[in-house]
Amino acid sequence: MTTTGAIDSSYYLDSQSKRTPSSTLDKDDFLQILMVQLQNQDPTSPMDDSKFVDQMTSFTTLEQVMNMSEAVEYMAGNSSIMSPVLEYSHMIDKNVTYNEYDVDTGEITDTITSKVTAVTQQGGYAVLELENGKSIFADAVTKVSNK
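Everything numeric here is computed off the predicted structure, so don't read it as measured data.

Novice: Tell me about the pairing of strand 3 (residues 125-130), and please be specific about residues and values.
Specialist: Pairing geometry for strand 2 (residues 108-122) and strand 3, over six bridges, is antiparallel. Paired with Q121 across the strands is A126, a residue of strand 3. Linking two consecutive strands that pair antiparallel, namely strand 2 and strand 3, is a turn of two residues; a positive phi of about 60° is found at G123 within it. Where strand 3 meets strand 4 (residues 135-137), three bridges bridge the pair, whose relative direction is antiparallel. Directly across from L128, in strand 4, lies its bridge partner I136.

Structure representation (structure tokens):
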């Protein structure tokens, strides 16, 4: 009578590495599945050309949608840090009205209207350069008009 040796513990199922399934399928996963499918197809009955073209079209569409999604996310992320110059550039050639204040009392001394000739940036804030030679912060404007 012969006896068999102990079973190597590396053959046990619980010793196998566990894979965590993903709920998303990215373009690399899709291409990998397609390649495995092509490698394992029956040589006597290869994949129909139209099915192959359909799958490649699906892959291309998936890739384009993912690229658009990344571009939209990038644009959305950067829109919150838009330059004040770009944000207020539409005010060039518009007339703006603003108040001048007494330094000591803080009371309004004058209300002035002038045309915006340029927009600059100072300390992260938009500064409107006016036709009358003055510069004011955009948040000082009380009225915007075409005339």
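Novice: Please give an account of the nonpolar core that cites residues and values.
Specialist: Membership of the largest hydrophobic core is limited to twelve residues, which are M91, V96, Y98, I112, V116, V119, A126, L128, L130, I136, A138 and V141. For this core, the secondary structure elements donating two or more residues are strand 1 (95-101), strand 2 and strand 3. Not counting residues within four places of it along the chain, the set of residues in contact with A138 comprises Y88, A126 and L128.

Novice: An account of the pairing of strand 1 is needed here, citing residue identities and associated values.
Specialist: Counting buried positions over the seven residues of strand 1 gives five, a clear majority of the element. As paired elements, strand 1 and strand 2 share seven bridges and run antiparallel to each other. Each residue of the ladder has a partner; that of T97, found in strand 2, is T113. Count of turn residues in the strand 1/strand 2 antiparallel hairpin: six residues, of which G106 carries a positive phi of about 80°. As paired elements, strand 1 and strand 5 (residues 141-145) share four bridges and run antiparallel to each other. Of the residues in strand 5, the one forming a bridge with N95 is S145.

Novice: Give me the lowdown on the pattern of salt bridges, citing residues and values where you can.
Specialist: In total, this model carries one salt bridge according to the counting rule given. In this structure, the salt-bridge partner of E100 is K134, at a minimum N-O distance of 2.4 Å. On the criterion of sequence distance, the pair formed by E100 in strand 1 and K134 in the loop between strand 3 and strand 4 is long-range, its members being 34 residues apart. Residue classification places E100 among the partly exposed residues on the basis of a relative accessible area of 23%. Residue classification places K134 among the partly exposed residues on the basis of a relative accessible area of 36%.

Novice: Let's hear about the environment of S89: which residues, and what values?
Specialist: Positionally, S89 belongs in the loop between helix 3 (84-88) and strand 1. For S89, a relative accessible area of 34% puts it in the partly exposed group. For the pair S89 and T117, spaced 28 residues apart in sequence, the C-alpha separation works out to 9.9 Å.

Novice: Could you give me a rundown of the packing of aromatic side chains, with the residues and numbers involved?
Specialist: The final tally for this structure, using the stated rule, is one aromatic pair. With a centroid separation of 6.4 Å and an interplanar angle of 90°, the aromatic rings of Y125 and F137 are classed as edge-to-face. Taken together, the residues span a long stretch of sequence, with Y125 in strand 3 and F137 in strand 4 at a distance of twelve residues.

Reading the values: the criteria
- Residues numbered from 1 in each chain as written.
- Predicted model: local features only at pLDDT ≥ 70, side-chain atom pairs only at ≥ 80, totals over all residues.
- Heavy atoms only, no water.
- Pairing = 2+ DSSP bridges.
- Helix = DSSP H or I, 4+ residues; strand = E, 2+ residues; numbered from the N terminus.
- Core = buried A, V, L, I, M, F, W, Y, C linked by side-chain atoms within 4.5 Å.
- Buried < 20%, exposed > 50% of the residue type's maximum accessible area, 1.4 Å probe, protein only.
- Contact = heavy atoms within 4.5 Å.
- Salt bridge = Lys/Arg side-chain N within 4 Å of Asp/Glu carboxyl O.
- Phe/Tyr/Trp six-rings, centres within 6.5 Å; stacked < 30°, edge-to-face > 60°.

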